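# Observations on the three-dimensional arrangement
If you want the building blocks of each chain, they are given just below.
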Amino acid sequence: MYVVAEKEIAGLMTPAAAFEAIEAMFASMASRKAYNFPVVREAIGYEDALYGFKGGFDGAGLVLGLKAGGYWPHNQKHNLINHQSTVFLFDPDTGRVKAAIGGNLLTALRTAAASAVSIKYLAPKGAKVLGMIGAGHQSAFQMRAAAVHQFEKVVGWNPHPEMLSRLADTAAELGLPFEAVELDQLGADADVIVSITSSFAPMLMDGHVKGATHIAAMGTDTKGKQELDPALVARARVFTDEVAQSVSIGETQHAVASGLIAESAISELGAVVAGLHEGRGTAEVTLFDGTGVGLQDLAVANKVLEIAIEKGIAQRSKS
Ligand code: NAD
């Protein structure tokens, strides 16, 4: 089997390679050749940890595996980040283990790549201003990945304004001007909005968003979390990675539960990528509800394994 350690990932994987892997995987999902397995998430009653598995099988790319990991809130005492994960890939012909690959950085890259794919396919024509809601760890990855589209300016807001320097620094790295603004100005100025917070209450309201806009709502990945006004969700043409996750743990859970939208009105982004759905059409507001599926983890892990083997960096041991 191969081992690609966490410390190697940064030198191997680029946002562009992650984008390519995620775009292809969404198309496989739309063709029903790839599917996700039910997610397992457990509070293990030790170190307050949440541990789980996200897995799937891509029958087009022949990628089988799972991501195991979770959230250890007291990891600072070990000088480790709180989110820890590892991806395991298996040979779909035999079931033998193929690789163990560090999953921490890959999780950020695959999440950012998903919203970037949504921007490629759903952003209004001529979109110039990117609006960022959220300034935590993921936000920098999100902004870098969104730069697949040629934005001219970034505006940003965060519930904790002292964190906004992360957005300013990332915009500077990308050579883009940055302005910290209030949410009403963000909603009026931005053509594309990425939200990536751990909020449990709506922040971006329907009245904030003016004109043709694409929103990638990436923060809500658990029951109870929420970033958007359900009325805004109801006004949008809604896309997601996987409908079952969107309505249960994603941003649409609230609009669906309150009867504002029907599950049947939500489409998969992969259908747009595969040319089976027109995408934005005449809609003024589009929404991508990115909940994070196991196949995303497998797609980027498989990509990094290919690159690591090619560069001779993957360690090999007999299994
Ligand atoms: P982080 O802890 O580094 O940053 C948290 C962000 O949320 C900051 O912007 C902070 O100001 C804001 N925030 C914190 N508490 C809040 C509250 N009560 N109300 C509103 N905002 C609040 O986290 P991160 O690593 O940047 O992750 C952000 C979110 O993205 C988390 O909810 C995480 O679970 C989610 N996430 C989603 C996916 C996916 O695939 N969709 C993948 C990874 C992470």
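Computed from a predicted model, the values in this text were never measured in an experiment.

### Remarks on the sheet that holds strand E8 (residues 129-133)
Pairing within the open sheet is parallel, and its eight strands lie in the order E10-E9-E8-E11-E13-E17-E15-E16. Both edges of this open sheet fall to strand E10 (178-180) and strand E16 (267-268), since each of them pairs with a single strand only. Bridge count between strand E9 (residues 153-157) and E10: three bridges; the pairing is parallel. Looking at E10, one finds that Val-155 is bridged to Glu-179. Each of E8, E9 and strand E11 (192-195) touches helix H4 (residues 137-146); the most contacted strand, E8, lies at about 165° to it.

### Concerning the confidence of the model for the chain
For the chain, mean pLDDT is 96; residues scoring 70 or higher make up 100% of the total. If you check the scores for this complex, the pTM reads 0.96 and the ipTM reads 0.99.

### Observations regarding the site of the ligand
Looking at the ligand, there are 22 residues lining it, with Arg-110, His-137, Asn-158, His-160 and Lys-225 nearest. Between the ligand and Arg-110, the relevant distance is 2.9 Å, taken from an oxygen atom to a side-chain nitrogen or oxygen of the residue. Coverage of the ligand by the protein amounts to 77% of the 860 Å² it exposes when considered alone. At the level of secondary structure, the elements contributing two or more residues to the shell around the ligand comprise helix H3 (104-122) and H4. Residue composition of the shell around the ligand, by class: five nonpolar, 14 polar and three charged.

### Describing the pattern of salt bridges
Under the counting rule described, the total for this entry stands at 13 salt bridges. A salt bridge links Glu-23 to Lys-120; its shortest N-O distance comes to 2.8 Å. Taken together, the residues span a long stretch of sequence, with Glu-23 in helix H2 (residues 15-30) and Lys-120 in helix H3 at a distance of 97 residues. Looking at Glu-23, the relative accessible area reads 15%, which means it is buried. Residue Lys-120 is classed as partly exposed on the basis of its relative accessible area of 49%. The partner of Asp-297 in a salt bridge is Lys-67, and the shortest N-O contact between them spans 3.0 Å.

### Thoughts on the pairing of strand E3 (residues 40-43)
Where E3 and strand E4 (residues 50-58) come together, four bridges link them in antiparallel fashion. Paired with Arg-41 across the bridge in E4 is Gly-52. Here E3 folds back onto E4, and the loop between the two strands holds six residues, one of which, Gly-45, carries a positive phi near 70°.

### Notes on H2
One turn of an α-helix holds 3.6 residues; hence residues three or four places apart share an orientation. Look at H2: 23 Å from first C-alpha to last across 16 residues, which is about the 22 Å you get at 1.5 Å a residue. A positive phi of about 65° marks Arg-32, the residue just after H2.

### Let's talk about the packing of H3 against H4
Contact geometry for H3 and H4: axes closest at 8 Å, N-to-C directions at 40°. Judged by the angle between their axes, H3 and H4 are oblique. Between H3 and H4 lies a crossing of right-handed hand. On H4, the residues touching Leu-105, Ala-108, Leu-109, Thr-111, Ala-112, Ala-113, Ser-115, Ala-116 and Ile-119 of H3 are Gln-138, Phe-141, Gln-142, Ala-145 and Ala-146. For the contact of H3 with H4, the class distribution of residues is ten nonpolar, four polar and no charged.

Parameters at a glance
Counting of residues starts from 1 at the beginning of each chain's written sequence and follows it residue by residue. Two thresholds apply to this predicted model, a pLDDT of at least 70 for residue-level local features and 80 or more for giving and counting side-chain atom pairs, whereas whole-chain, interface and lining totals are computed over all residues. Each side-chain value is derived from all of the structure's non-hydrogen atoms; neither hydrogens nor water enter the calculation. Criterion used throughout: strands pair if DSSP finds at least two bridges between them. The numbering of helices and of strands both runs from the N terminus, where a helix is a DSSP run of H or I of at least 4 residues and a strand a run of E of at least 2. The contact rule is simple, with two residues in contact once any of their heavy atoms fall within 4.5 Å. For helices, the fitted line uses only the C-alpha atoms of the stretch in contact; every axis is such a line through C-alpha atoms, and the angle between N-to-C directions lies from 0 to 180 degrees. Every residue carries a pLDDT, the predictor's confidence in it, which falls somewhere between 0 and 100. If even one non-hydrogen atom of a residue comes within 4 Å of a molecule or strand, that residue is called near it. Distance and chemistry together define a polar contact, namely a pair of N or O atoms within 3.5 Å, with one atom able to donate a hydrogen and the other to accept it when in protein, and with adjacent residues in sequence counting only for side-chain atoms on both sides. Surface accessibility follows the Shrake-Rupley procedure with a 1.4 Å probe radius. Residue values consider only the protein chains on display as shielding. Charged residues are taken to be Asp, Glu, Lys and Arg, nonpolar residues to be Ala, Val, Leu, Ile, Met, Phe, Trp, Tyr, Cys and Pro, and polar residues to be all remaining types, Gly included. Salt bridge, as used here, is a side-chain nitrogen of Lys or Arg placed within 4 Å of a carboxyl oxygen of Asp or Glu. For every residue, the accessible area (1.4 Å probe, protein chains only) is compared with the maximum for its type, and the residue is labelled buried under 20%, exposed over 50%, or partly exposed between those bounds. Each helix should span, by expectation, one fewer than its residue count multiplied by 1.5 Å. The cut-offs work like this: below 35 degrees is roughly parallel, past 145 is roughly antiparallel, 65 to 115 is roughly perpendicular, and the gaps in between are oblique. We call a crossing left-handed when the near helix sits turned anticlockwise from the far one by less than a right angle, and right-handed when that turn is clockwise.

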